[in-house]
Amino acid sequence: MPRVSEEHLERRRQQILSAARTCFARKGFHETSMQDVFAESGLSAGAVYRYFKSKNDIIAALATQTTVPLRALMTEQIRVDPLPTPAELIRIVADHVVANSGPEGMVRLAPQAWALALVDEDAAQYVKEALRGMRGCWHEYAERMVAAGWLPADADTHAVAAAIIGFLPGFILQHLLVGDVSPETFVAGVRTLLPYGER
């Protein structure tokens, strides 16, 4: 297939995903219809169905995309020297969450995707992939914490990653649903619990 055609197809696919993301963030997964996606994207039903066979297919694709910018940001940060402290890294993550959780922000899709994954096997595969990718970032960070002397040399870094990843959904849910926990408050708590490397 000619390169220009591949680029055109990918642009069209991203156009549909962008429209769906706007609709889902605005109305939620369940209240958004495929007709809403058609209207927001400016494309016909046939054009949209060429790329995605159902609304759940779109949701699954978005569930994977939602974590990509955050994973890239984390990967960049955990590889710098000096290594950011847990509180510093969590602050970067929390600021990213806040910046992307407005009315049409990608972060708002995460809890909806988690809920869908509990009842939809296809969506669950995408969500699991995204979570494993995030946990991989935290595992790399835990390995660097060991190298920095912040954790014991025999620390189970997989267990550390499995535990510390819980900070992220905890902040997301409190920020989106309760609204009374700021990044500053959250980071103060992390600094108290995980004072490693504080300068």
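The structure this text deals with has already been given above.
Before going into details, it helps to say that this report is about the structure given with it. As the structure is a computational prediction, the values presented were derived from the model and not from experiment.

Conventions adopted
- Residues numbered from 1 in each chain as written.
- Predicted model: local features only at pLDDT ≥ 70, side-chain atom pairs only at ≥ 80, totals over all residues.
- Heavy atoms only, no water.
- Salt bridge = Lys/Arg side-chain N within 4 Å of Asp/Glu carboxyl O.
- Buried < 20%, exposed > 50% of the residue type's maximum accessible area, 1.4 Å probe, protein only.
- Helix = DSSP H or I, 4+ residues; strand = E, 2+ residues; numbered from the N terminus.
- Core = buried A, V, L, I, M, F, W, Y, C linked by side-chain atoms within 4.5 Å.
- Contact = heavy atoms within 4.5 Å.
- 1 Å grid on protein atoms, 1.4 Å probe; cavity = no way out; pocket = protein on both sides within 12 Å on 5 of 7 lines; lining within 4 Å.
- Points joined across faces, edges and corners; volume = space filled by probe spheres on them.
- Nonpolar A, V, L, I, M, F, W, Y, C, P; charged D, E, K, R; others polar.
- Axes fitted to C-alpha atoms, helices over the stretch in contact; angles between N-to-C directions.
- Parallel < 35°, antiparallel > 145°, perpendicular 65-115°, else oblique.
- Left-handed = near helix turned anticlockwise from the far one by under 90°.

## Focus: the pattern of salt bridges
1) Next: Scanning the model with the defined rule gives seven salt bridges in all.
2) Next: Residues D36 and K27 are paired through a salt bridge, measuring 3.0 Å at the closest nitrogen-oxygen approach.
3) Next: Measuring nitrogen to oxygen at the nearest pair gives 3.2 Å for the salt bridge that ties E198 to R191.
4) Next: The partly exposed category is assigned to E198, whose relative accessible area is 33%.

## Some words on unusual backbone geometry
1) Next: D81 connects to P82 through a cis peptide bond whose omega is 0°.
2) Next: Mapped onto the elements, P82 comes out in the loop between α5 (68-78) and α6 (86-99).

## Considering the nonpolar core
1) Next: Grouped together as the largest cluster of nonpolar side chains are 31 residues, with contacts concentrated most on W138 and Y141.
2) Next: Of all the secondary-structure elements, those providing two or more residues to this core are α5, α6, α8 (121-147), α9 (157-164), α10 (167-178) and α11 (183-193).
3) Next: Every residue in contact with W138, bar those within four places of it in the chain, is listed here: M74, L89, I90, A161, I164 and I165.
4) Next: Judged by nonpolar contacts, the second largest core, of 25 residues, contains I16, L43, L109 and A124.

## Remarks on the layout of surface pockets
1) Next: Volume-wise, the largest pocket comes out at about 310 Å³.
2) Next: Along its surface, the largest pocket is lined by 22 residues, and T66, T67, A110, W114 and I172 are the ones closest to its centre.
3) Next: Elements that contribute at least two residues to the lining of the largest pocket include exactly α4 (55-66), α5, α6, α7 (109-117), α8 and α10.
4) Next: Tallied by class, the residues present in the lining of the largest pocket amount to 18 nonpolar, four polar and no charged.

## So, empty space enclosed by the protein
1) Next: Counted by the stated rule, this structure contains one cavity of 30 Å³ or more.
2) Next: Each pocket or cavity is described by its volume, and for the largest cavity that value is around 40 Å³.
3) Next: Taken together, I90, V93, A94, F167, L168, F171 and F186 make up the lining of the largest cavity.
4) Next: Of all the elements in the fold, those that place two or more residues in the lining of the largest cavity are α6 and α10.

## Thoughts on the packing of α6 against α8
Packed helix pairs are specified by the crossing angle of their axes together with the interaxial distance, meaning the distance between the axes.
1) Next: Orientation of α6 relative to α8, taken along the N-to-C sense of each, is 160°, at an axis distance of 12 Å. With respect to each other, α6 and α8 are oriented roughly antiparallel. The element α6 and its partner α8 pack so that their crossing is right-handed. Contact with α6, carried on its side by P86, L89 and I90, involves W138, Y141 and M145 of α8 and no other residues of that element.
2) Next: A class-by-class count of the residues in the contact of α6 with α8 yields six nonpolar, no polar and no charged.

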